[in-house]
Amino acid sequence: MNAQTHTNASLEQYLLYVTHEKFDLNKKEIEVCLDEAITSQERALEDLKAARDIVQELE
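Regarding a nonpolar patch on the surface
Together, Leu11, Tyr14, Leu15, Tyr17 and Val18 line one region of the surface with nonpolar side chains, adding up to about 490 Å² of accessible area. Examined against the element boundaries, Val18 turns out to sit in helix H1 (residues 2–19). With relative accessibility at 43%, the residue Val18 sits in the partly exposed group.

Right under this line is the structure:
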């Protein structure tokens, strides 16, 4: 859920920036959010791989 939250927040800010001329993009804030999203997504990927391995062992 952390991965999705950080990803959504980053994308929302980026989309506001590209679709609204008067929206200021806080580059530092979005960089931090993107870094957190990447870290969370990497953890989620590792969890998914571990779950897949366990399921394969059940076969």
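Thoughts on helix H2 (residues 27–58)
Along its 32 residues, H2 runs 46 Å from first to last C-alpha, staying within 8% of the 46 Å computed at 1.5 Å per residue. Buried within H2 we find Ile30, Cys33, Ala37 and Ser40. Where H2 is buried, its residues contact H1. Measuring from the side-chain oxygen of the N-cap residue of H2 to the backbone nitrogen of Lys28 gives 3.2 Å; that N-cap residue is Asn26.

Conventions we followed
Residues numbered from 1 in each chain as written. Predicted model: local features only at pLDDT ≥ 70, side-chain atom pairs only at ≥ 80, totals over all residues. Heavy atoms only, no water. Patch = residues over 30% accessible without salt bridge, like charges linked within 9 Å, V, L, I, M, F, W, Y side chains within 5 Å. Areas by Shrake-Rupley, 256 points an atom, 1.4 Å probe, with all protein chains shown as cover. Salt bridge = Lys/Arg side-chain N within 4 Å of Asp/Glu carboxyl O. Helix = DSSP H or I, 4+ residues; strand = E, 2+ residues; numbered from the N terminus. Buried < 20%, exposed > 50% of the residue type's maximum accessible area, 1.4 Å probe, protein only. Expected span 1.5 Å × (residues − 1). Contact = heavy atoms within 4.5 Å. Polar contact = N/O pair within 3.5 Å; in protein donor to acceptor, adjacent residues only side chain to side chain.

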